[in-house]
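Structural features, examined
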Amino acid sequence: MNEEGRNNLYPVFFKTENLETLIIGGGNVAEEKLTFLLKSSPDSRVTMVSPMYREATEALAQKFGIEMIKKRYHKRFLEGKHIVIATTDIPEVNLQVYQDCREQSKLVNVADNPPYCDFYMGGIVTKGNVKVAISTNGKSPTTAKRLRQFFEEVIPENIDDLVNNLNEYRKTIKGDFEEKVETLNEFTKGLIGKKEVEK
């Protein structure tokens, strides 16, 4: 597969309650990003900056205790922030946010503009402690959405029981890290449900 057809993104799971996130903008896209973030991580620490906010965005922000600043973007708002999401409908502002973040080594996502993103907010499936993130390399959010719906259907609701039970079992295993991994690998290999084809 050539580099064009390969996803080179490295997936990570942030503890957003320990990080400061800034969303710039107060329109539909800002609300969508805020909803997405809070659905996955309701304890996220978020600040929003915009001269105006949609009524629904304000209601959502108030429900989760999100700080809302009613001002135009200025780079001083980046101070102390780790993750920045630009959602304005003014390309010049979004570009300025990107450039300011590059200068200050902030992770930045300019909505719907992949060249100006350090990260993408992909599709997410959550079942208790199990979380699956889906990326299409910024090329097709619709495909990520459909894959999310598929995985929501096929991952069993009781997967969290399995995770918790395996965690308890892991605590009882003796030996060093490698021995524990080997034991757990042996114990769980039947979970993938592969059937050997008879010859």
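The structure we're discussing is the one just above.
This report concerns the structure included in the present document. Because the structure is predicted, anything quoted here is derived from the model rather than measured. (Residues numbered from 1 in each chain as written. Predicted model: local features only at pLDDT ≥ 70, side-chain atom pairs only at ≥ 80, totals over all residues. Heavy atoms only, no water.)

A few points about unusual backbone geometry
Negative phi values dominate among residues other than glycine, just as trans dominates among peptide bonds. Applied cut-off: The buried label applies to any residue whose accessible area, calculated with a 1.4 Å probe on protein chains only, is under 20% of its type's maximum; exposed applies above 50%, and partly exposed to all values in between. Helix and strand labels come from DSSP, where a helix needs a run of H or I of at least four residues and a strand needs a run of E of at least two; each type is numbered from the N terminus.
Unusually for a residue other than glycine, Ser105 sits at a positive phi of about 55 degrees. Judged by its relative accessible area of 67%, Ser105 falls in the exposed class. A positive phi is found at Asp112, a non-glycine position, where the angle reads about 60 degrees. Of note, Asp112 is situated in the loop between strand S5 (107-110) and strand S6 (123-127).

As for the sheet that holds strand S3 (residues 67-69)
Inclusion rule: At least two bridges found by DSSP between two strands is the condition for calling them paired. To get an axis, fit a line to the C-alpha atoms, keeping to the stretch in contact for a helix; angles then go from 0 to 180 degrees between the N-to-C directions. Any two residues having at least one pair of non-hydrogen atoms within 4.5 Å are treated as being in contact.
Spatially, the five strands line up as an open sheet ordered S3-S2-S1-S4-S5, and their pairing is parallel. Every interior strand has two partners, whereas the edge strands, S3 and S5, have only one. On average, each strand axis in the sheet is tilted by 15 degrees relative to the strand beside it, whichever way the strands run. Two strands pair when backbone bridges link them, and strand S1 (residues 20-24) and strand S4 (residues 83-86) are joined in this way by four bridges, in the parallel orientation. The residue of S4 that forms the bridge with Ile24 is Ala86. Taken strand by strand, helix H3 (residues 91-103) contacts S1, S4 and S5, and its axis lies near 165 degrees from that of S5.

A closer look at helix H1 (residues 28-40)
Selection rule: Expected helix span is computed as 1.5 Å times (number of residues minus one). It is the directions from the helix axis to the C-beta atoms whose arc is reported.
Taking 1.5 Å per residue, 13 residues should reach 18 Å; H1 reaches 19 Å between its end C-alpha atoms and fits that length. Within the sequence span of H1, burial applies to Ala30, Glu31, Lys33, Leu34, Leu37 and Leu38. Projection of H1 onto a plane perpendicular to its axis shows the buried side chains occupying an angular sector of 165 degrees, all on one side. Opposite the packed face of H1, turned more than 90 degrees from it, sit the exposed residues Asn28, Glu32 and Lys39. Lining the buried residues of H1 we find S1, strand S2 (45-49), helix H2 (55-63), S4 and S5.

Remarks on the packing of aromatic side chains
Counted only if it meets this: The criterion for an aromatic pair is that two Phe, Tyr or Trp rings (for Trp, the six-membered ring) have centres within 6.5 Å, with stacked assigned to planes under 30 degrees apart, edge-to-face to planes over 60 apart and tilted to the rest.
Under the definition given, this model contains two aromatic pairs. When the ring of Tyr98 is compared with that of Tyr116, the centres are 4.8 Å apart and the planes differ by 75 degrees; the resulting orientation is edge-to-face. Here Tyr116 lies in the loop between S5 and S6 and Tyr98 lies in helix H3, a separation of 18 residues in the sequence. The class of Tyr98 is buried, set by a relative accessible area of 17%. Look at Tyr116 and you get partly exposed, because its relative accessible area is 30%. With a centroid separation of 5.3 Å and an interplanar angle of 70 degrees, the aromatic rings of Phe150 and Phe151 are classed as edge-to-face.

Side note on the environment of Asn18
Position of Asn18 relative to the elements: it lies in the segment before S1. Overall, Asn18 belongs to the partly exposed group, its relative accessible area being 48%. For Asn18 and Ser44, which are 26 residues apart along the polypeptide, the C-alpha to C-alpha distance reads 7.8 Å. Beyond its immediate sequence surroundings of up to four residues, Asn18 is in contact with Arg45 and His82.

Overview of a negative patch on the surface
Filter applied, for reference: Each patch is built from residues lacking any salt bridge and having more than 30% relative accessible area; the joining distance is 9 Å for like charges and 5 Å for nonpolar side chains (Val, Leu, Ile, Met, Phe, Trp, Tyr). All accessible-area figures derive from a Shrake-Rupley calculation using a 1.4 Å probe, and residue coverage is judged against the displayed protein chains alone. By convention in these notes, a salt bridge is any Lys or Arg side-chain nitrogen within 4 Å of a carboxyl oxygen on Asp or Glu. His is not counted here, nor are the chain ends, while Lys and Arg score as positive and Asp and Glu score as negative. Charge positions are represented by NZ for Lys, CZ for Arg, CG for Asp and CD for Glu.
A cluster of acidic side chains, namely Asp176, Glu178, Glu179 and Glu182, defines a negative patch on the protein surface. Within the element layout of this structure, Glu179 appears in helix H6 (residues 177-188).

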